[in-house]
Amino acid sequence: MFSKILIANRGEIAVRIIKTCRRLGIATVVVYSEADADSMAVEMADETVFIGGAPASESYLVADKIVAACRQTGAEAVHPGFGFLSENAGFAKRLAAEGIVFIGPNPGAIEAMGDKIESKKFAAKANVSVVPGHVGEIDDTDHAIRISEDIGYPVMIKASAGGGGKGIRVAWTRKDVEEGFPAVRAEAKASFGDDRIFIEKFIESPRHIEIQVMGDKHGNVVHLFERECSIQRRNQKVIEEAPSPLLDEATRKKMGEQAVALAKAVNYDSAGTVEFVAGQDRSFFFLEMNTRLQVEHPVTELITGVDLVEQMIRSAYGEKLAFKQDDLKINGWAMESRIYAEDPYRGFLPSIGRLVRYSPPAEGKSADGTIVRNDAGVREGDEISMFYDPMISKLSTWGPDRLSAIDAMGRALEDFHIEGLGQNIPFLAAVMDQDRFRKGTLATSYIKDEFPEGFQGTAPTDFQRDLAAAVGCAMHRTLTRRASPQLDRDDWVVVAGADTLTVRLSNGGDSFKVELPETGRVLSLTDIAWRPGQPLFRGKLDGVAFTVAVKPAAEGFVIRHRACTLKVLVLTPRSAELHHKLPPKKAADTSKMILSPMPGLVVTLDVEVGQQVRSGEQVAIIEAMKMQNIIRAERDGVVKSVGAKSGDSVAADEVLIEFA
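As the structure is a prediction and not an experimental result, all values here were calculated from the model.

J.: Honestly, the layout of surface pockets in this entry has me stumped. Any pointers?
T.: Remark: the empty space left among the atoms is shown by a probe the size of a water molecule rolled over them. Size it by volume and the second largest pocket reaches roughly 610 Å³. Looking at the second largest pocket, it is lined by 27 residues, and the ones nearest its centre are His417, Glu419, Ala549, Val550 and Lys551. Top element by residues in the lining of the second largest pocket is strand 30 (residues 544-553). It accounts for four residues. For the lining of the second largest pocket, the per-class residue count stands at 15 nonpolar, seven polar and five charged.

This is the structure in structure tokens:
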């Protein structure tokens, strides 16, 4: 076995690889950029090598620096993780020429299947059903428009070397192609160093299902069943699960056999994924093959018990697969939620910054038999940089069946607390609670279908109304008895969102009774785990365990349970009477301004003072997390002032343009 492996990656996947190497007794070397000098991966590795500036083009994408680091440390092999150089055949060849083992598929397989254009050509020759499209290179925007109109709208514009949701746009009209093609090309060049683009028919309301394959250097290939990855936002996966609620045994077998046949045809000898677009009728078409480890591999590991990183290492070392297809079975169900640094309340825009608080749920087996796993490369105090992917961690749960895995995920998301930047935990929790998701009626259009006006949280359920009132009362009594015990009383009026309740409290400490005289109900709040200043309040309401995020507000608290946020006021009857007479505060008028929706870099600012602008017209492009975001005017107007220029860094809500 290898004695030392260099990890040519960063973040959570670098940490993930280190954990397996430690278990196998293999020393690790981590290369790092200027932005990652104090990272968790650097802290955990046995050796580290600095390789350059924060932009990936100056560090993680420079093959010469990776090779030099291997020479410096004596590393025998390189694990590329995912992204960066993981699907670069030239890099794999370079390592081979230097006598260094590439922990991934052979260069021939990467060339045949790793390139999105070549993989479609190869699949067509192998009689694999593929999505209709243009698989040749595209010269320019005019060429892209002609191809799109020949195929018929809608079409998907994709970077040949793309991955991770970057370099993809869906075009519904000619105008979308005119704007989208150059944007995809720019993203592809910036993210992958390869600006080749292809266009294919966009199949409406499809499902995204992929098959995990694993091969060795002796001609053996198996599949480890499927993952459903249909919950996507901007073509980037958000929630994954294994197995798929769509497939029956016959379809699963057919898909798996086709994936294995395709892998064997290119002598595939590592972990890889064959992706399919599937219809609700279980029909499916080959989409692409990712010749690397996938971000969502933990759900496959949870249902099969196979460590895919370990199998990649063993295969690269020349070992035969230790199991055959018949040895692999599906055990239970697994869910994965990607925790992103983005603000779901503002169109999921990137939200870079520091993790002022980072408190993930406890990992391991729970009392009910479910399992929680959190793959992360960050700690409290770390910064989420604008230079890399905005993922904070991958939260996974396992249960004996689908609903138990979903319920475990819901509770784990409740226990996950982050402060300092926007994050999508409330959105993920909302999906876990939706009837449609729980029924497994999925599609890649799910988020657009279910949240057509964007995400604004969810309305409180009856349980959440009771929860907010009970928690607010418990917190208020605790604080009152500490600060002003003479003001403590049993009778209060609780204003929780739009609801006003008269309550009567009894007991205290870790147990409260909250009586609602108007309805005759009594709420029992027990097993309380909270002290003043703590951001999470845990307990049981009428025997149901919960965790809520809490923070103080004038006369009360802001309490969030999953995707429901309520401001809760605990008032005396007289204060409540006066409160209802207060006029509502008016929001500031920003209708004549275009604000930057996120922190980022101004790529272009396309208007000048005095210019007439029409609603819907492109006025700027802001780049963040290597994604280019087109900013459009929401009203007609004449430009009064311009607050930024190309090349400027801007903060969220910074004024870009003001109208007269």
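J.: What is the right way to look at the environment of glutamate 301 in this model?
T.: Mapping glutamate 301 onto the fold places it in helix 10 (residues 297-304). The class of glutamate 301 is buried, set by a relative accessible area of 7%. Separated by 72 residues in sequence, glutamate 301 and arginine 373 have C-alpha atoms that sit 11 Å apart. When near neighbours in sequence (up to four residues on either side) are disregarded, glutamate 301 contacts Arg16, Val306, Asp307, Leu308, Val309 and Arg373. A polar atom in the side chain of glutamate 301 sits 2.8 Å from the side chain of arginine 16. At 2.8 Å, the side chain of glutamate 301 forms a polar contact with the backbone nitrogen of leucine 308.

J.: What is the right way to look at the sheet that holds strand 2 (residues 27-33) in this model?
T.: Where strands meet in a sheet, backbone hydrogen bonds hold them as pairs that are either parallel or antiparallel. One open sheet holds the five strands; their spatial order is 3-2-1-4-5, and the pairing between them is parallel. Here the strands that pair on one side only, and so sit at the sheet edges, are strand 3 (47-52) and strand 5 (101-102). Both strand 4 (residues 77-79) and strand 5 contribute to a ladder of two bridges, which runs parallel. Bridge pairing in strand 5 places alanine 77 opposite valine 101.

J.: What am I meant to see in unusual backbone geometry here?
T.: Trans is the prevailing form of peptide bonds, just as negative phi is the prevailing case for residues other than glycine. Cis geometry is adopted by the peptide bond preceding proline 154, which originates at tyrosine 153 and carries an omega value of 0°. Tracing the backbone shows proline 154 in the loop between helix 7 (141-151) and strand 7 (155-163). The omega torsion across alanine 242 and proline 243 is -5°, close enough to zero to call that bond cis. Assignment of secondary structure puts proline 243 in the loop between strand 12 (236-242) and helix 9 (249-265). With a phi close to 65°, phenylalanine 348 is a non-glycine residue in the positive phi region. With a relative accessible area of 8%, phenylalanine 348 lands in the buried category. A positive phi is found at aspartate 653, a non-glycine position, where the angle reads about 70°. Tracing the chain through its elements places aspartate 653 in the loop between strand 39 (649-650) and strand 40 (655-659).

J.: Can you help me understand the pairing of strand 28 (residues 521-529) in this one?
T.: Two faces, one strand: in a regular strand the side chains alternate between the faces of the sheet. As defined by bridge partners, strand 27 (residues 512-516) adjoins strand 28 across five bridges and the pair is classed as antiparallel. What sits directly across from valine 514, in strand 28, is leucine 523. What sits between the antiparallel neighbours strand 27 and strand 28 is a turn of four residues, in which glycine 520 has the positive phi angle 80°. As paired elements, strand 28 and strand 29 (residues 536-541) share three bridges and run antiparallel to each other. Residue pairing for strand 29: threonine 526 is matched across the bridge by lysine 540. In this antiparallel pair of consecutive strands, strand 28 and strand 29, the connection spans six residues, and glycine 533 shows a positive phi of 100°.

Definitions and cut-offs
- Residues numbered from 1 in each chain as written.
- Predicted model: local features only at pLDDT ≥ 70, side-chain atom pairs only at ≥ 80, totals over all residues.
- Heavy atoms only, no water.
- 1 Å grid on protein atoms, 1.4 Å probe; cavity = no way out; pocket = protein on both sides within 12 Å on 5 of 7 lines; lining within 4 Å.
- Points joined across faces, edges and corners; volume = space filled by probe spheres on them.
- Helix = DSSP H or I, 4+ residues; strand = E, 2+ residues; numbered from the N terminus.
- Nonpolar A, V, L, I, M, F, W, Y, C, P; charged D, E, K, R; others polar.
- Buried < 20%, exposed > 50% of the residue type's maximum accessible area, 1.4 Å probe, protein only.
- Contact = heavy atoms within 4.5 Å.
- Polar contact = N/O pair within 3.5 Å; in protein donor to acceptor, adjacent residues only side chain to side chain.
- Pairing = 2+ DSSP bridges.

No statement about biological role is implied by the geometric values presented.
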